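Structural overview for review
Okay, here's what each chain looks like letter by letter:
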Amino acid sequence: MVDEEVFRLMNDNGEFSVDDPEWNAQARLEEAIADFCQNKFKKHPGETTIKDNIREPLERWRQSRSET
């Protein structure tokens with residue numbers, strides 16, 4: 001489910017941009033995933049857990065964007 005949410009958020013917001021204060025760094029994605037987990041699972045995973053779990057889907061999303 002987290003993988004799907006990473007893809008949804010990245011598709012909605014695009015690559016991080018310094019011009020967009022609400023989506024200017026990977027930290028914004030990490031915050032959004034933390035909120036998602038809190039709302040969906042009633043648990044707030046630790047920062048390292050989030051980083052570990054978004055790394056692969058974020059790489060896959062970026063790879064899928066470079067192929068188009």
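Keep in mind that what you see is a predicted model, and the values were worked out from it rather than measured.

In this structure, Glu5 sits in helix α1 (residues 2-13). The class of Glu5 is buried, set by a relative accessible area of 11%. Among the polar contacts made by the side chain of Glu5, one reaches the side chain of Arg8 at a distance of 2.8 Å. Ignoring sequence-local partners within four residues, the contact set of Glu5 consists of Ile33 and Phe36.

A word on α1. With 12 residues, α1 ought to run about 16 Å at 1.5 Å a step, and its terminal C-alpha atoms sit 16 Å apart, in line with that. Buried within α1 we find Val2, Glu5, Val6, Leu9 and Met10. Along the axis of α1, the buried positions cluster into a sector of 130°, meaning they face one direction only. In this structure, α1 carries Glu4 and Asp12 as exposed residues pointing more than 90 degrees from its buried face. Packed against the buried residues of α1 are α2 (26-41) and α3 (47-66).

With that out of the way, let us pick up the environment of Met1. Structurally, Met1 can be placed in the segment before α1. Look at Met1 and you get exposed, because its relative accessible area is 54%. Residues Met1 and Thr49 lie 48 residues apart in sequence; the distance between their C-alpha atoms is 15 Å. Sequence-distant contacts of Met1, that is, excluding residues within four places in its chain, are made with Phe36, Lys40 and Phe41.

For α3, spanning 20 residues, the distance from its first C-alpha to its last is 28 Å, which sits close to the expected 28 Å at 1.5 Å a residue. At Arg55, α3 shows its maximal kink, close to 35°; a proline, Pro57, follows between one and four residues later. Ile50, Ile54, Pro57, Leu58 and Trp61 are the residues of α3 that are buried. Each element contacted by the buried residues of α3 is listed here: α1 and α2.

What counts as what
Residues numbered from 1 in each chain as written. Predicted model: local features only at pLDDT ≥ 70, side-chain atom pairs only at ≥ 80, totals over all residues. Heavy atoms only, no water. Helix = DSSP H or I, 4+ residues; strand = E, 2+ residues; numbered from the N terminus. Buried < 20%, exposed > 50% of the residue type's maximum accessible area, 1.4 Å probe, protein only. Polar contact = N/O pair within 3.5 Å; in protein donor to acceptor, adjacent residues only side chain to side chain. Contact = heavy atoms within 4.5 Å. Expected span 1.5 Å × (residues − 1). Arc of directions from axis to C-beta. Bend = angle between axes of the 7 residues up to and from the residue.

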